[in-house]
Every structure is written in structure tokens, then in C-alpha cells.
Amino acid sequence: MDINFMKKNDILIAKVKGELDHHTSDIFKESINNEYQKGYKNIILDLKDLNFMDSSGIGMILGRYKMVKDKHGTLAIVGANSQLFKVIELSGILRVINCYKSIEEAINSMQRGI
Amino acid sequence: MSYSNKMELKFLSKSQNESFARTVVAAFAAQLDPTIEEIADIKTAVSEAVTNCIIHGYENKIDYIILKAEIEGNKLIVEVIDNGVGIEDIEKAMEPLYTTKPDEDRSGMGFTVMQTFMDELEVESEKGKGTRVKMVKYINTNK
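What counts, and at which threshold
Residues numbered from 1 in each chain as written. Chains lettered and ligands numbered in written order. Predicted model: local features only at pLDDT ≥ 70, side-chain atom pairs only at ≥ 80, totals over all residues. Heavy atoms only, no water. UniProt positions renumbered as here; feature names shortened; annotations may be inferred. Contact = heavy atoms within 4.5 Å. Buried area = accessible area lost by both parts, 1.4 Å probe. Salt bridge = Lys/Arg side-chain N within 4 Å of Asp/Glu carboxyl O. Polar contact = N/O pair within 3.5 Å; in protein donor to acceptor, adjacent residues only side chain to side chain. Helix = DSSP H or I, 4+ residues; strand = E, 2+ residues; numbered from the N terminus. Nonpolar A, V, L, I, M, F, W, Y, C, P; charged D, E, K, R; others polar. Core = buried A, V, L, I, M, F, W, Y, C linked by side-chain atoms within 4.5 Å. Buried < 20%, exposed > 50% of the residue type's maximum accessible area, 1.4 Å probe, protein only. 1 Å grid on protein atoms, 1.4 Å probe; cavity = no way out; pocket = protein on both sides within 12 Å on 5 of 7 lines; lining within 4 Å. Points joined across faces, edges and corners; volume = space filled by probe spheres on them.

The name given to chain B in an unreviewed UniProt entry is Anti-sigma F factor, with Thermoanaerobacterium thermosaccharolyticum as the source organism. In its Sequence similarities (unreviewed entry) section, UniProt records this for chain B: "Belongs to the anti-sigma-factor family."

Named according to an unreviewed UniProt entry, chain A is Anti-sigma factor antagonist originating from Thermoanaerobacterium thermosaccharolyticum. Per UniProt, chain A carries the Sequence similarities (unreviewed entry) text "Belongs to the anti-sigma-factor antagonist family."

Of the residues lining the interface, 27 residues belong to chain B; the matching set on chain A comes to 20 residues. Here chain B and chain A share an interface that buries about 1800 Å² over both sides, 53% of which is from carbon and sulfur atoms. Of all residues in chain B, B:Arg22, B:Asp105 and B:Phe117 bury the most surface against chain A, accounting for 27% of the area lost on that side. Taken together, the connections running from chain B to chain A amount to four salt bridges. Among the ionic pairs, B:Arg22 bridges to A:Asp21, the shortest N-O distance being 2.8 Å. Linking chain B to chain A there are eleven residue pairs in polar contact (both at pLDDT 80 or more). Counting only elements with at least two residues in the side of chain B that touches chain A, the list comes to α1 (16-29), α2 (36-57) and α4 (110-117) of chain B. No other element matches α2(B), which puts ten residues into the side of chain B that touches chain A. Residues of the side of chain B that touches chain A, tallied by class, amount to seven nonpolar, eleven polar and nine charged.

Before going further, it helps to spend a moment on the side chain of B:Arg132. Residue and element names in this part refer to chain B. Tracing the sequence through the fold places Arg132 in strand β5 (residues 130-138). A polar atom in the side chain of Arg132 sits 2.5 Å from the side chain of Glu79. With sequence-adjacent residues up to four places away left out, Arg132 is seen in contact with Glu79, Val80, Ile81, Glu122, Val123 and Glu124.

If you look at the biggest cluster of nonpolar residues, it comprises 33 residues, and the most contacted ones within it are B:Leu76, B:Val78, B:Val80 and B:Met135. Among the elements of the structure, β1 (4-12), α1, α2, β2 (64-72), β3 (75-82), α4 and β5 of chain B are those that each provide at least two residues to this core. The next biggest cluster of nonpolar side chains, apart from the first, holds 30 residues, and it includes A:Ile43, A:Met67, B:Val113 and B:Phe117.

Mapped onto this structure's residue numbering, the UniProt feature "domain: STAS" (unreviewed entry) falls at residues 1-110 of chain A. Helix makes up 45% of residues 1-110 of chain A and strand 30%, and the two end C-alpha atoms of the span are 27 Å apart.

Moving on, we get to the layout of surface pockets. Volume-wise, the largest pocket comes out at about 630 Å³. Lining the largest pocket are 33 residues, with B:His56, B:Ile87, B:Ala93, B:Thr100 and B:Phe111 positioned closest to its centre. Mapped by element, the contributors of at least two residues to the lining of the largest pocket are α2, α3 (90-93), α4 and β5 of chain B. Of all the elements, α2(B) adds the most residues to the lining of the largest pocket, at seven residues. Of the residues contributing to the lining of the largest pocket, the split by class is ten nonpolar, 13 polar and ten charged. In this structure, the second largest pocket spans a volume of roughly 190 Å³. Every residue along the wall of the second largest pocket is listed here: A:Asn51, A:Phe52, A:Asn81, A:Ser82, A:Gln83, A:Lys86, B:Ile36, B:Glu37, B:Ile39, B:Ala40, B:Asp41 and B:Lys43. Secondary-structure elements contributing two or more residues to the lining of the second largest pocket are β4 (50-53) and α3 (82-91) of chain A together with α2 of chain B. The leading source of residues in the lining of the second largest pocket is α2(B), at six residues. Counted by class, the lining of the second largest pocket contains four nonpolar, four polar and four charged residues.

Attention shifts here to the side chain of A:Ser55. Positionally, A:Ser55 belongs in helix α2 (residues 55-70). For A:Ser55, the residues in contact, after removing those within four places along its chain, are A:Val87, B:Glu48, B:Ser107, B:Met109, B:Gly110 and B:Val113.

Printed below as a string of C-alpha cells:
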């Protein structure tokens, strides 16, 4: 597992790699929280290189959503494969979190305030 | 007579073993020539069941989890067993979004994922004795 960060204005782009389960979710959570505290408003979770996710991943995403919401920001998901999307869809989080095909698309939506 | 096979594994309730358990079951199920989607469903459901043993059954204490898998024709049966605290109210525990640990970013989706991704789910539990989750998946039914 691995996580890389990129910056685009006030948007933190977190590229999550490997597998996201109960074992790895705390590590991902802590890394994202630490980086976000550096003054960002929005988060894009890039899941393109994530091979597996169970409901621990949903908990991790929801926790980050609440953190971003507290700062009146937005959280978006990018690049979820079909297994990930099935878990994401089942959880109902798509009612509050948008999924995009590319980082550019997510950034454009955030900058337009969608 | 249809093909059959069995395996049984005992491992410690360490979170590192969540990945190990789902990979083992996926490898065992591979002899049924499942689709990529079926394998993903099985891995996700097994991961949920094992995570439940670690977080809820043993409350993060280290003890043994038993994983059994069986093939009967095109049917895959998976059992995940712990000797932990047990579930007081199974019906409540199986409600979507219900969690006893909301402060730990738990989504309360574990049993919902198992129910949705597998074809059958059976949960037996006794307070102070442990929990047994039995899941069934029919492989390649569309072939």
C-alpha cells in the first residue's frame, strides 16, 4: 500500500494505491489527515491504482467527508474500478459524494462549485 | 457425482490476516473457474467476515479465527468462525449502517456487503461463545 499527494490550489489530491481494508485504512486515514491539516479545503481521492476495497474503505471515505465538510469543502472520488464502485454504490455514499472518471473532471466540478 | 473439495485454516486475529484470508479463499475458489467479478465478490465478503471477527468478535485481542471453504459442484461454501464475545442481537447487527463503533469510522456495512455479494448468508452467534458466519456463492451459473 502507498499514498501520494498532489496539490492543486486548495485541493488535496490523494492517490491511494494497493488494498484498502481494516488493516490499511488507519494508515491511509492518518496520512490524509496530516496532509489536509496543512491548509487545504477540498480532497480528491484518486482510487485508480486501488485494487481492493471493503466496507472499511467506506468508513475511511465517510470520515474524510465529514472532515472536509467541517471546513465547508468538498470530497470527490476518482477512478474507482467496478469492484470498488459496487461497494461504494451499495453504501449509499454517492448521495453526498461525487464520483468522476478523471482528476481533471473532478477539479473542474470543484472549481465550478458543484 | 459432482466435484467436491474442502479446506480448513486456522490463523491469528491480526489485521494483516484479512488480506491473507481473502486471497486464500479466492485461490481455493479459482478451481471453479469463476469470473473476475465473482472473485471480487468473494474476496470482499470474506474480508468483511474476518474483519468482524477481529474488531467485534475478539475486540482486537489476539485469538484464533477458523476459515473453512468447501466446493460442491458449482457451489462455494465459506465459513468464518471465532470464539469471541458473540453478537447480542443478530437482527440488529445485520441492519445496514448499524455499528457499535461509530467513533472508529466503521461504516456498519459489513453484513450488508456479505448479503449482497454472496448468494446466501447465515449467522449463528452465542454471547460469550463466539460467532459463525456461513456464506454461499454459486459460481458460473450463467455459463
